[in-house]
Amino acid sequence: MGTWGTLEKKIESAALFVSEASSPVTPGAPPVETGVGRREVGLEPDGALDELIASNVAATLETAQALAQAVPSSTTFAAWAVALEGTGNTVGAGDRASEALGRCVDQLAEFDGELIDPLSAQLALEVLFRVDRADDAVAYASQLPLGPQQSLVMAANLAVLGRLDEARTFAESVDGPGRHSILGYVLVLAHDYHGAISHLRAALRGAPDDADSAMNLSIALWRLGSHRKALSAALQATRAGSARMDAVLHYLELLLEEKEFLRVDREVGRQFDMGAAPTSRLLVMQARAKLALDDQDDATRLLERAATAAREAQDDDALAEIRSNLVRIRAVRGKIGRDDALRQLAALHANHKTSDVVVVNMAQVANRKHHVMALRRAFDEIAEHASPGRRAFIEYQIANLLGDNEAAGAKAAEWVELEPNNTYAISAAMVSIGTGLERWDDATRLAERVLVDFPDDSVLINNVGYIFAMTGRGDEAIRVLERFVEGYFVAQATLGLAYLSKGEIETGMSLYRQAAIAAERAGDDDDSLMTAYQALVVRRLGLLTTHDPMKVRALALPAVPMPDDWADRSEYLRLQALAKKHKYLWPLTL
Amino acid sequence: MSAAALPIDPWIALLTGSALGPYQLVRPLGRGNFGVVFDATNATSGARVAIKILVPGASTDAVLDFDNEGVLLQHLDSCEGVIGYITGGSDTVPLLAGSGLSVPVAVRYHVLSIALGSLDELILDPVERAKLPWEERLRLWRSAVIGARQMHARAVAHRDLKCSNCLVLDVKKSRVKLADLGRAKHLTEAQTRPIEHYLHGRGDLRFAPPECLLLQAGAEVDHFLAADYYGLGSLLVELATGQPLTSLTLGDFNTVIAQSRADLQAGVHRDLAGLELRYRSVLKSVVETMPKAIRKDAMVLLTSLCHPVPEKRLIGSPFSRDRLSKDRLEWVLRRIDIMIRRLEVDALQERRQARRQKAAA
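Description of the structure in this document. Every residue gets a number counted from 1 within its own chain, in the order that chain's sequence is written. Written order determines the labels here, with chains lettered from A and ligands numbered from 1. Local features in this predicted model are restricted to residues of pLDDT 70 or higher, and side-chain atom pairs are both shown and tallied only at a pLDDT of 80 or more, whereas totals for entire chains, interfaces and linings draw on every residue. Calculated side-chain values reflect all of the structure's heavy atoms, with hydrogen atoms and water omitted.

## Brief notes about the overall build of chain B
Link 1 in the chain: Put simply, DSSP marks the helices as runs of H or I at least four residues long and the strands as runs of E at least two long, and each gets a number from the N terminus on. The helix and strand tally for chain B stands at 13 helices and 12 strands.
Link 2 in the chain: Restricting the calculation to C-alpha atoms gives the radius of gyration, and the globule rule supplies 2.2 Å times the number of residues raised to the power 0.38. Against the globule reference of 21 Å for 361 residues, chain B gives a C-alpha radius of gyration of 22 Å, in line with a compact fold.
Link 3 in the chain: Viewed in the frame of its principal axes, chain B has a C-alpha envelope of about 75 × 70 × 35 Å.
Link 4 in the chain: Counting across all 361 residues of chain B, residues that qualify as buried make up 55%.
Link 5 in the chain: For this analysis, residues touch if any pair of their heavy atoms sits within 4.5 Å. Across chain B, the fraction of contacts at a sequence separation of at least 24, relative to all contacts at a separation of at least 6, is 65%.
Link 6 in the chain: Using a 1.4 Å probe, the Shrake-Rupley method yields the accessible areas, and only the shown protein chains count as cover for residues. Put simply, chain B shows about 15000 Å² of open surface, and 54% of that area lies on carbon and sulfur atoms.
Link 7 in the chain: Positive charges come from Lys and Arg alone, negative charges from Asp and Glu alone, with His and the N- and C-terminal ends not counted. In this description, the location of a charge corresponds to atom NZ of lysine, CZ of arginine, CG of aspartate or CD of glutamate. Taken as two groups, the 46 positive and 40 negative side-chain charges of chain B have centres that lie 7 Å from each other. Exposed residues in this analysis have more than 50% of their type's maximum accessible area, buried residues have under 20%, and partly exposed residues fall in between, with area computed by a 1.4 Å probe over protein chains only.

Below, the structure written as structure tokens:
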């Protein structure tokens, strides 16, 4: 690993776990994730149960249909729509729901414009949204004098569909309880976090046990950077709705982000003590804390248990997420080879075609140019529905593996813009914009931000030191690097670079040599890369012209032949591209 | 059993005008899963009765339900809140075969008190429902609560409480009697069906308590009572909105059942308390349809009776003054009386106001 090879190290960390983040929750909707505990008696559903369910579904439809035919009304048609939806007949359900709403509209004239069957209208509107006929719902809603709850139902459902302006109009028309909860939710979705916070706080003042609003408040605060307050709101959500596993998972996610790994372990233990079942998602959280605490054996065991739980729960998304992360962790830990890991991940992708997590893990495992073909093939299949951040990362990684500095720089810049607090993205951008493209002004801006936002991140600070050294700020580079040098040979080499940039050749070269010895002791076998980087920076700093070139060469690291597979490795390809750009001889030597 | 207009049913066609014992079948009143109900006249006394007939070829479940209803109605004979059981029996009716020959077919029947109709006939049409004064709705609900309370006192749970199973006897007195006891259960009797039947329950899913849709219902006494409390709450929701509560709260029941089936397979138990917010939100919509004077009390009653967690329904009154009461439904009746009184006071004030305005004019 060379003086500037830190990006790879950061992305390959076994502590990393690619997962889905919490999304804002729709207030008042049936919760997707409620708490789960163990059943006292396990039961394998058999034919008798399925027969009973089928018979109940049929009886429900038969009764609802008979009543609607006997007493055609908005009430009975809405009920019929629900019964049809229960049988999976979404077209019929939508048609009957529309008829119910049509009858509600017809009744208005008779009752002085009053909606006399508001709950049937609400039921029918909800059915229309569930069967993907939102436009019909909006059209009927515009003809009806909706009450507060019906307006909030419209707002919540439209917000889920991303029709935020319409959602906001419906929510703002309500003057009563529930308004703040929905408006807060809509504003979180619209990324207006400041606006959302006041509404969500108002909602919680009215109903302190409103776990939906507490969770949405937590998300808004987090995105504004108020991490402690976000944690506090997330904790409130878990305690307000003890049965809400989505709130617990969100809270754990934030604790992980805040590097409160021991608290994660304690909270998961608390959930188990309270009778929660060891679901895949809870086990994953615990495993992530163990990974971060470098307890990789325990973490791997937990992930294997999580995979079993996900398989039993038929949770395909979780299964793909866990298995792909397990493969990546094994590859990073050297338990399996990269080619083998890529093959396993490609097979996983074939079985989980829509999981972008699997492809992200492929991108992280890929470290050779020849991996690009498989990665690109998988990426093409998920590109359309992958999140923009993930898309930018994978595209960056493809460009990086190909040694295409221009594309890597552009994609890294895009990635860091989409995920400004992702340290992996920042690291990638600093490397590819700095070294790769030599756009030092842009790289310096990133470095300045890192000093403020991530002053304790040794990998990022090492990169800051590099950028400062290359931009004539050697003293600052030395100051920021000094506290990280102990036991971290990469920073030691970068410190050497900082001294070189100040013209202190002997000190600088001495630090390089010490770093090379430490790297060798640590089993790092990329000394040819370190040598090549040294040759590059000596040239870029002009040391061969400002100092005695013989002395510089004598003090420099001895030349080491490049590995046979250098043309398959991005770190060498990046350097080769730079050498070509500056018309230096390749391989780079002094 | 609904008294709604019926599609042509061969058994109805065959039985109309026939005699079963001393009873002359006059006209069909309704049709259920185990047979048909007729308006009949006792040829000797001239008394009008309702006759529930188990049609030949009914499923085993239907036969069990029919027998169960007969036994329990006799057990509850002295309960005025439950439809009266007069007698039961069997007879043969001639069934015309294809060759013109007549084949005698045995049918079994229960003879029950006659009612004016079922409660759902008053609420399925929103125009009719809007005409039903709230005092009257509350009195109807009160009588259903009394019926359930009497059943519980005689160790029987109804397990299928809904407007269509409440028979209206006398509109002026705003009284209903509970009927359709096919799925009722004597609480001292042991489990009689496989566990699956209790996990999911039987019947129209729009009325089922959430624990049934989540495949978590139990077979203990408290589970049956909790289901009845939910049914009573849902009955008020029906009177207010025309829709049962589960239909309003749980959305697409197909999705809920599929998830619950996967949970069952994975051996996990989803916490019903996670539905609390959803229930609260829907109940707010429901009470919005009521007169302001009773909204607060209705919310308290519905929140307690229809709590998504069955055990929480059994806690009883949130009011300290009710703590000494050992009867779990007494506080409900007291609260309904308070609500009726509030409406009466409001109505009185409205009348006074109107008189004053008239006098001033």
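## Focus: the overall build of chain A
Link 1 in the chain: The number of helices and strands found in chain A is 32 helices and one strand.
Link 2 in the chain: Dimensions of chain A along its principal axes, counting C-alpha atoms only, are 105 × 50 × 45 Å.
Link 3 in the chain: Across the 590 residues in chain A, those meeting the buried criterion constitute 58%.
Link 4 in the chain: Residue pairs at least 24 apart in sequence account for 63% of intrachain contacts in chain A once pairs closer than 6 positions are excluded.
Link 5 in the chain: Accessible area of chain A: about 24100 Å², with a carbon and sulfur share of 49%.

## Thoughts on the side chain of Thr75 of chain A
Link 1 in the chain: For Thr75 of chain A, the position within the fold is in helix α3 (residues 74-86).
Link 2 in the chain: Excluding anything up to four places from it in sequence, Thr75 of chain A contacts Asp117 and Ser120 of chain A together with Ile123, Leu124, Pro126, Arg129, Thr241, Gly242 and Gln243 of chain B.

## A few points about the packing of helix α11 (residues 211-223) of chain A against helix α12 (residues 227-240) of chain A
Residue and element names in this part refer to chain A.
Link 1 in the chain: All axes are obtained by fitting lines to C-alpha atoms, using only the stretch in contact for helices, and the reported angles, taken between N-to-C directions, cover 0 to 180 degrees. Running from N to C, α11 and α12 point in directions that differ by 165°, and their axes come no closer than 8 Å. In terms of orientation, α11 and α12 fall into the roughly antiparallel class. Here the hand of the crossing between α11 and α12 comes out left-handed. Across from Ala211, Ala214, Met215, Leu217, Ser218, Leu221 and Trp222 in α11, the residues of α12 making contact are His227, Lys229, Ala230, Ala233, Ala234, Gln236, Ala237 and Ala240.
Link 2 in the chain: Residue polarity follows a fixed list, in which Ala, Val, Leu, Ile, Met, Phe, Trp, Tyr, Cys and Pro are nonpolar, Asp, Glu, Lys and Arg are charged, and the others, Gly among them, are polar. Its residues assigned to classes, the contact of α11 with α12 shows 11 nonpolar, three polar and one charged. Put simply, angles under 35 degrees are roughly parallel, angles over 145 are roughly antiparallel, angles from 65 to 115 are roughly perpendicular, and the rest are oblique. Less than a right angle of anticlockwise turn of the near helix away from the far helix marks a crossing as left-handed, whereas a clockwise turn marks it as right-handed.

## Some thoughts on the packing of aromatic side chains
Link 1 in the chain: Two rings from Phe, Tyr or Trp (for Trp, the six-membered ring) form a pair when their centres are within 6.5 Å of each other. A pair whose planes differ by under 30 degrees is stacked, one over 60 is edge-to-face, and the rest are tilted. Inspection of every chain in the model, using the stated rule, returns seven aromatic pairs over all chains.
Link 2 in the chain: An angle of 65° between the planes, with centres 6.3 Å apart, marks the rings of Tyr230 of chain B and Tyr279 of chain B as edge-to-face. One end of the pair, Tyr230 of chain B, is in helix α7 (residues 221-241); the other, Tyr279 of chain B, is in helix α10 (residues 276-288), with 49 residues separating them in the sequence.
Link 3 in the chain: Through successive ring pairs, a cluster of aromatic residues spans Phe393, Tyr396 and Trp415 of chain A.
Link 4 in the chain: In this analysis the charged atom, NZ for Lys or CZ for Arg, is taken to sit over a ring once it is within 6 Å of the ring centre and within 35 degrees of the ring normal. The ring of Tyr584 of chain A has Arg539 of chain A lying over it, and the distance from NZ or CZ to the ring centre is 5.5 Å.
Link 5 in the chain: Over the aromatic face of Phe319 of chain B sits the side chain of Arg335 of chain B, whose NZ or CZ is 3.9 Å from the ring centroid.

## Looking at the interface of chain A and chain B
Link 1 in the chain: Taken residue by residue, the interface counts 66 residues in chain A and 60 residues in chain B.
Link 2 in the chain: Carbon and sulfur atoms supply 60% of the area buried between chain A and chain B, which totals about 5300 Å² over both sides.
Link 3 in the chain: For this analysis, a salt bridge means a side-chain nitrogen from Lys or Arg found within 4 Å of a carboxyl oxygen belonging to Asp or Glu. Our count for the chain A to chain B interface comes out at four salt bridges.
Link 4 in the chain: Note that Arg280 of chain B is salt-bridged to Asp209 of chain A, the shortest N-O span being 2.4 Å.
Link 5 in the chain: Any pair of nitrogen or oxygen atoms within 3.5 Å is treated as a polar contact; in protein, a donor-acceptor pairing is required on top of that, and neighbouring residues in sequence qualify only through side-chain atoms on both sides. Here chain A is connected to chain B by 14 residue pairs in polar contact (both at pLDDT 80 or more). Buried area, as used here, totals the accessible surface that two parts lose on assembly, with accessibility defined by a 1.4 Å probe and the loss added over both.

## Quick word on a positive patch on the surface
Link 1 in the chain: Patch criteria: residues need more than 30% relative accessible area and no salt bridge. Like-charged residues are merged within 9 Å; nonpolar side chains of Val, Leu, Ile, Met, Phe, Trp and Tyr are merged within 5 Å. On the surface, a cluster of positive charge is contributed by Arg351, Arg352, Arg355 and Arg356 of chain B.
Link 2 in the chain: Position of Arg351 of chain B relative to the elements: it lies in helix α13 (residues 330-360).

## What to know about the sheet that holds strand β5 (residues 85-96) of chain B
Residues and elements named next belong to chain B.
Link 1 in the chain: With antiparallel pairing, six strands are arranged side by side in an open sheet as β1-β2-β3-β4-β6-β5. Among the strands making up the open sheet, the edge pair consists of β1 (19-20) and β5.
Link 2 in the chain: In this fold helix α2 (residues 60-75) packs onto β4 (48-54), β5 and β6 (102-113), with an angle of close to 40° to the strand it touches most, β6. Paired strands, in this sense, are two strands between which DSSP finds at least two bridges.

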